Amino acid sequence: MIEHQIKKLENPERIRELNPTETLAKAGLKENMIVCDIGAGTGIFSLPAAKITDKEVYALEIADKMIDYLEENKKKQKIDNLKIIKVQGDKLPLEDQSCHLAIMVTVYHEIEDKIKMLEEIKRILKPQGSLLIVEFHKKTTKMGPPMEHRISENEVKDNLLIAGFSLTKEILNEENFYGHLYTLMKKENTKCKHSL
């Protein structure tokens with residue numbers, strides 16, 4: 001099962017369309033930024049991020065086989081600043097205000113308690129830190145989960161706005177994927193927000 005998942009994540013067409021290095025550049029990743037890749041999978045975003053920045057890139061993952069795969073790739077590519085961490089439960093194993101950029105690539109639709117996750121992301125982001133979310137279009141596409149598991153762009157935008165993020169820019173609009181960059185609003189702008 002996990003081997004099948006790795007094959008899907010490493011699909012050359014998927015990687016070509018996601019274009020991780022260019023997408024990270026569009027998200028504003030620079031060499032002095034700390035990154036958190038939530039649900040890092042095989043590291044198609046974590047590994048290039050760790051080559052762009054000279055600071056820590058935290059690859060957070062729940063599956064042991066994925067962690068083994070990441071560790072292997074980290075060794076092969078001799079990347080010292082990639083920190084691979086196993087996630088247990090719904091708390092992200094990072095300090096408050098420790099990251100400039102959080103990434104969720106085709107992960108958001110899988111999270112059961114989206115409210116809790118967005119609160120956790122807010123906790124680990126530095127003031128006015130950013131969150132990159134990439135998801136499958138809510139329509140029939142060549143790859144991706146069943147329609148009922150997908151989440152529309154408008155739904156993501158609404159969720160993030162309510163959680164205290166503002167849409168900075170739309171980064172991806174491909175055949176299978178869309179991607180948005182959100183910035184954490186200043187606290188005074190979020191006082192009147194309600195929970196999701």
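Rules of the game
Residues numbered from 1 in each chain as written. Predicted model: local features only at pLDDT ≥ 70, side-chain atom pairs only at ≥ 80, totals over all residues. Heavy atoms only, no water. Salt bridge = Lys/Arg side-chain N within 4 Å of Asp/Glu carboxyl O. Helix = DSSP H or I, 4+ residues; strand = E, 2+ residues; numbered from the N terminus. Buried < 20%, exposed > 50% of the residue type's maximum accessible area, 1.4 Å probe, protein only. Contact = heavy atoms within 4.5 Å.

**Student:** How should I be thinking about the pattern of salt bridges in this particular structure?
**Tutor:** Pairs can form between side chains of opposite charge once their charged atoms are near each other. What the rule picks out here adds up to 10 salt bridges. Among the ionic pairs, Lys76 bridges to Glu72, the shortest N-O distance being 3.6 Å. One end of the pair, Lys76, and the other, Glu72, are both in helix H5 (residues 64–77), four residues apart, so they sit about a helical turn from each other. On the basis of relative accessible area, Glu72 is assigned to the partly exposed category, the value being 47%. The salt bridge involving Glu170 is made with Lys157; its shortest N-O contact spans 3.1 Å. In this pair, Glu170 is assigned in strand E6 (residues 165–173) and Lys157 in helix H7 (residues 153–163), connecting sequence segments 13 residues apart. Among the residues examined, Glu170 registers a relative accessible area of 49% and is labelled partly exposed.

**Student:** Honestly, the environment of Gly41 in this entry has me stumped. Any pointers?
**Tutor:** Locating Gly41 in the fold gives a position in the loop between strand E1 (35–38) and helix H4 (46–52). The buried category is assigned to Gly41, whose relative accessible area is 7%. Setting aside its immediate chain neighbours within four residues, Gly41 contacts Leu9, Glu61, Met66 and Leu70.

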